[in-house]
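Below, each chain spelled out in residue letters.
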Amino acid sequence: MQISFKKHTLRFKQPAGTSRGVYRTRTVWYVTACDDHGNWGIGECAPLPDLSYDAMPDEQYEALLAEACRSCAEADGRIPYDALRPYPSILFGLETALLSFSASRKHGNPYHIFDNPFSRGEMGTVINGLVWMGSYEEMMARMEEKLALGFHCIKIKIGAIDWEREISLIRALRERFPKDIVEIRVDANGGFSPEVATSRLCELARYDIHSIEQPIRQHQWDTMADLCRTTPIPIALDEELIGINDPAEKARLLDTIRPQYIILKPSLHGGLSGSEEWIRLARERGIGYWATSALESNVGLNAIAQWQAELKTNHLKEDKEQSTHCSDFPQGLGTGQLFVENYDAIHLSIEGERLWCGTEKERAFEADYRAFLVDWNSASPTVSVHTSGSTGDPKPILVEKERMRASALMTLNYLRIPVGATALLCMPLRYIAGKMMVVRALEGELRLVRQTPSRTPDLSALPSIFFLAVTPMQALSLLRDDNQRPVFEKIPRIIIGGGAITPELHKALQNCKGEVYSTYGMTETLSHIAMRRLNGPEQTEWYTPLQGVSITQNAEGCLVINAPALCPTTLTTHDVCEIHANGSFRILGRTDNIICSGGIKFSLEAIESKLSSLPLPFQLTYVNDPLLGQALTLLYTEDQQTSTEILEQNLKQQFEELLEKYERPRHILGVPALPITETGKPARAQAHQLAQELMI
C-alpha cells in the first residue's frame, strides 16, 4: 500500500463570517491510499486556523502528515490511533482515506464508503439552513433564501453585529413562523462574556430557540456548568470539545458540565474514532448529539454525511427507546456548495432541506440496479426488459432467467473472463445490455463496478477494469478524451454494441492493448449472439457466432438465427447479410432502413458509411414526397459558429465528392440534437418524424 498527500486551496464563493473572523480561502490536504491493482481511496485533512487543535504552520503540518502516512503505509494500513490523538484532522484524513480504499477494493467505488440508505441514495439527510454572519441586511437575505428553499431548521450565527439587531432578526423570524413550523438554532461560537450570557439566554428563550451552541468561550468548565444547569434554552458544546482527546478526560468534561447536547465535527474532535468515543460517553449520560462538518470539501463532507447516516442506522437498531440520539435532529452538515472549485468527482446535492448522496440521475440508476437484483432473486422465472427503440418506441418483453444465464456464460467463455475479474456497468438497466452485464457478473463471480450511464464514463476514478461493455458513442467519447483514453486502451476485454463502428472509431481502437470486439445481437437474443474482433492482427469484418448458435438466410437474404439456449424459436431479422463458408457472417444493411426514392432503393446505412468523413454529426432519414415517394434527407447538428448557408454549401460540395448523383440528399435540415435511443443507436422513427415536422 502507498499513502501520499497533496495540498489544495479552496476558495469560498462568498466570505464565511464567524465570531473568529471571516474565511475567504482555506487549505486542505487530500490523502490518497492506493495499491498496485488500481484500488485507491481518498480522505481529507482540513484543520481550521485559530480553531483546530492541530492548526499550525503548513511546513510543520506537512512534516507530521508525511510521518503519519509513512507509518500507516508501513503498517499495511493500520492507523497509529494513540499517536495521532493530538492531531484530529490528520486522523480524520487517514481514517477516511482507508475507508475509501477499502470500499474501492470491495465494490470499486471509493466514494461509497458506508452502505446505508443515505449512501445508496434511498434517503436524504435533513440538515439545517445555515445563516452566516454578516450585516443585518445580508443575514436577513440569507435567512429568506433558506426559507424559500424549504428549510424547517434555521441556524443563525450570532456575535458579529449589534446584539439588538441580531435579536430583531430572530424576533422577525419567530413572529412569522411558530416553533412547530420553523426550528431556530443559534451559534454564538463563544461570543458571549460570562457576565451577559445568562441575560442573553433568557432573552433568546422568548423566541422558542431549540438550542445555542457554545455561548461562552471554552475552558471555563465551572461557568459553563452553571449555565447548563440554569439555562432556559438547551446548550450544545462545540469548541469546548476541541483538544480533549483522552477518554477519561472526555468523561470528566461531560460529568462536570452536563450539557444538553454535544456537536461532533470529526476534523476537530478526534476523527471518526474520537467522535464515536464522544458519542458513546454522551449516550451513556443521556446527552444528545448531532454531527456536523467543519467547512471541508466534498471529500470530507461525503465521508461525514455517510458516517452520520451509519450512526443513525445503527443507533436506531440498538435503542429505539432513547429519544436523544442523532436521528431526532436535523444535522449541521454543509451543502457541498460553499466553494468555487470543489472536488467534482463526488456528487452531493441539495433538494429542499435534505442533503443527498449523488445526483438525481445517479440515485435513479442505483435504484434501478437494486430493483433488478430484487427481480432477479425473486421466484419468478422471467424478468422484463425493453427493446432499444431504434426502429420504433421501446416496448417491454418478458425473458426467461435461465436463457439470460446461458447468454452470460456464452460471453464469459468466449472472452475468457476469469473469476474475480472487475467489470464495469455503465449502461442503462432498462435495456438488455445493462441487465446482461449484471447477470454476467453474478454468473461469472465478477466484481461489478457501477457508474451512472453517460456519454463519457469516468474510467480514471475506478480500479483496474478487466471487462467493459460500451456503445460506439461511449467508446469514441472515451478515445477522444485525453484523460480517459490511456485507461481505456489498457482494458483487457472490451465489447462494443448497439450501433455501427465508424471509420474514426475503428482507427482509434487500433492503439488498444486488449481485445476489442463488436457485438451482434438484439433484445430478443438476450444481447449478442456473435462477435468480431476490431483491433490487432485478428480483426475482421465477419462475425463469429457464439457456441450453440447457428445462422442461415431467408429468401430475401436476411439473417435467420437459431439459438435454442437463448430464444425458444428461430428468429428472422431485418438484417441483410452475407454468410461465409466457415459459418461467420457480415451485415450489409437493414431492410427497414431501405427507402425507395423515384423507383430507386437506397440503404441509409450504406450512404451514411460513404459520408462518414463529414466533419459534423449527422443522420440520414427521409420525408414523404409527392413525386419521389420518399426523399432522402440529411439531419445535422447546428453549429453556432458557422452560418447555415455556408455550412449547407460545404455539405453539398462534399455530397458531390462522396456520392453518386442519385444518392445525394434532397433536403438538408439543421437540428439542435440528433435523435438517438438511450442506448446510443440512431432513432430512425423519431428522425423521420422530426424531418417531416421541419418540412411543414
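Residues numbered from 1 in each chain as written. Predicted model: local features only at pLDDT ≥ 70, side-chain atom pairs only at ≥ 80, totals over all residues. Heavy atoms only, no water.

**Considerations on the sheet that holds strand β25 (residues 571-579)**
Consideration 1: Taken together, four strands build an open sheet; the order of strands is β23-β24-β25-β26 and the sheet is antiparallel. Strands at the two margins of the open sheet, each flanked by one partner only, are β23 (550-553) and β26 (585-590). Averaged over neighbouring strand pairs, the angle between their axes works out to 55° when direction is ignored.
Consideration 2: Of the pairings in the sheet, the one linking β23 to strand β24 (residues 558-562) comprises four bridges and is antiparallel in character. Looking across to β24, one finds that Thr552 is bridged to Val560. (Pairing = 2+ DSSP bridges. Helix = DSSP H or I, 4+ residues; strand = E, 2+ residues; numbered from the N terminus. Axes fitted to C-alpha atoms, helices over the stretch in contact; angles between N-to-C directions.)

**Details of the state of the cysteines**
Consideration 1: Enumeration over the complete set of coordinates arrives at zero disulfides.
Consideration 2: Of all cysteine sulfurs in the structure, the one in Cys69 sits closest to Cys45, which takes part in no disulfide; the separation is 6.9 Å.
Consideration 3: Take Cys72: it sits in no disulfide, and the sulfur closest to it among the cysteines is that of Cys69, at 7.5 Å. (Disulfide = S-S within 2.5 Å.)

**Remarks on the confidence of the model for the protein**
Consideration 1: Looking at the protein as a whole, its pLDDT mean stands at 91, while 96% of the residues score no less than 70.
Consideration 2: For residues 321-327, every residue scores under 50 in pLDDT, and the model assigns this stretch 21 contacts once sequence neighbours within four places are set aside. (pLDDT = per-residue confidence, 0-100. Contact = heavy atoms within 4.5 Å.)

**Brief notes about the packing of aromatic side chains**
The description of an aromatic ring pair rests on the distance of the ring centres and on the angle between the ring planes.
Consideration 1: On inspection of all chains with the given rule, the structure shows 14 aromatic pairs.
Consideration 2: Their ring planes at 85° and their centres at 5.5 Å tell us that Trp163 and Phe192 sit as a pair that is edge-to-face. Of this pair, Trp163 sits in helix α5 (residues 163-176) while Phe192 sits in the loop between β7 (183-187) and α6 (194-205), and the two are 29 residues apart along the sequence. Here the two residues Trp163 and Phe192 agree in accessibility, since each one is buried. (Phe/Tyr/Trp six-rings, centres within 6.5 Å; stacked < 30°, edge-to-face > 60°. Buried < 20%, exposed > 50% of the residue type's maximum accessible area, 1.4 Å probe, protein only.)

**Here's the deal with the packing of helix α1 (residues 58-74) against helix α3 (residues 88-107)**
For any two helices packed against each other, the geometry is given by the interaxial angle and the distance between the axes.
Consideration 1: At a minimum axis distance of 11 Å, the contact between α1 and α3 shows a crossing angle of 40°. Relative to α3, α1 is oriented so that their crossing is right-handed. When α1 is examined against α3, the residues Tyr61, Leu64, Leu65, Ala68, Cys69 and Cys72 are found in contact with a partner set consisting of Ser89, Ile90, Leu94 and Leu98.
Consideration 2: When its residues are assigned to classes, the contact of α1 with α3 shows nine nonpolar, one polar and no charged. (Left-handed = near helix turned anticlockwise from the far one by under 90°. Nonpolar A, V, L, I, M, F, W, Y, C, P; charged D, E, K, R; others polar.)

**Quick notes on the pairing of strand β18 (residues 467-470)**
Across a regular strand the side chains alternate sides, sitting on one face of the sheet and then on the other.
Consideration 1: Burial along β18 is two-sided: the residues Phe467 and Ala469 and Leu468 and Val470 are all buried.
Consideration 2: For strand β16 (residues 422-425) and β18, the ladder comprises two bridges, and the chain directions are parallel. Within β18, the residue paired with Leu424 across the bridge is Leu468.
Consideration 3: Direction of pairing for β18 relative to strand β19 (residues 493-496): parallel, over a ladder of four bridges. By the bridge assignment for β19, Leu468 is matched with Ile494.

**Side note on the side chain of Thr335**
Consideration 1: Considering the arrangement of structural elements, one finds Thr335 in the loop between α10 (298-318) and β12 (348-351).
Consideration 2: According to the relative accessible area criterion, Thr335 is buried, its value standing at 16%.
Consideration 3: At 3.2 Å, the side chain of Thr335 and the backbone nitrogen of Gln337 are in polar contact.
Consideration 4: The residues contacting Thr335, other than those within four sequence positions of it, are Ile127, Leu301, Ile350 and Leu355. (Polar contact = N/O pair within 3.5 Å; in protein donor to acceptor, adjacent residues only side chain to side chain.)

**Quick notes on the pattern of salt bridges**
Consideration 1: All told, the structure shown has 37 salt bridges when counted by the stated rule.
Consideration 2: A salt bridge links Glu515 to Arg493; the shortest N-O distance between them is 3.7 Å. Note that Glu515 is positioned in strand β20 (residues 515-522) and Arg493 in strand β19, a separation of 22 residues in sequence.
Consideration 3: What makes Glu515 buried here is its relative accessible area of 13%.
Consideration 4: A salt bridge links Arg586 to Glu541, with the nearest nitrogen and oxygen atoms 2.9 Å apart. Within this pair, whereas Arg586 is found in strand β26, its partner Glu541 is found in the loop between β21 (527-533) and β22 (544-545), the two being separated by 45 residues in sequence.
Consideration 5: Glu541 gets classed as exposed once you look at its relative accessible area, which sits at 51%.
Consideration 6: Counted as one network, the salt bridges with shared partners bring together Asp255, Arg258, Arg280, Glu284 and Arg285. (Salt bridge = Lys/Arg side-chain N within 4 Å of Asp/Glu carboxyl O.)

**Quick notes on the packing of α3 against helix α9 (residues 271-284)**
Consideration 1: Taken N-terminus to C-terminus, the directions of α3 and α9 make an angle of 110°; their axes are 6 Å apart at the nearest point. As the angle between them shows, α3 and α9 are arranged roughly perpendicular. The segment α3 lies against α9, with Pro88, Leu91, Phe92, Glu95, Thr96 and Leu99 engaging Gly271, Leu272 and Ser273.
Consideration 2: Of the residues contributing to the contact of α3 with α9, the split by class is five nonpolar, three polar and one charged. (Parallel < 35°, antiparallel > 145°, perpendicular 65-115°, else oblique.)

**Looking at the sheet that holds β12**
Consideration 1: Strand order in the open sheet made by the three strands is β4-β13-β12, with antiparallel pairing throughout. At either margin of the open sheet sits one strand with a lone partner, and together these are β4 (125-126) and β12.
Consideration 2: Strand direction decides the pairing type here: β12 and strand β13 (residues 354-357), joined by four bridges, are antiparallel. Note that in β13 the partner of Leu348 across the bridge is Cys357.

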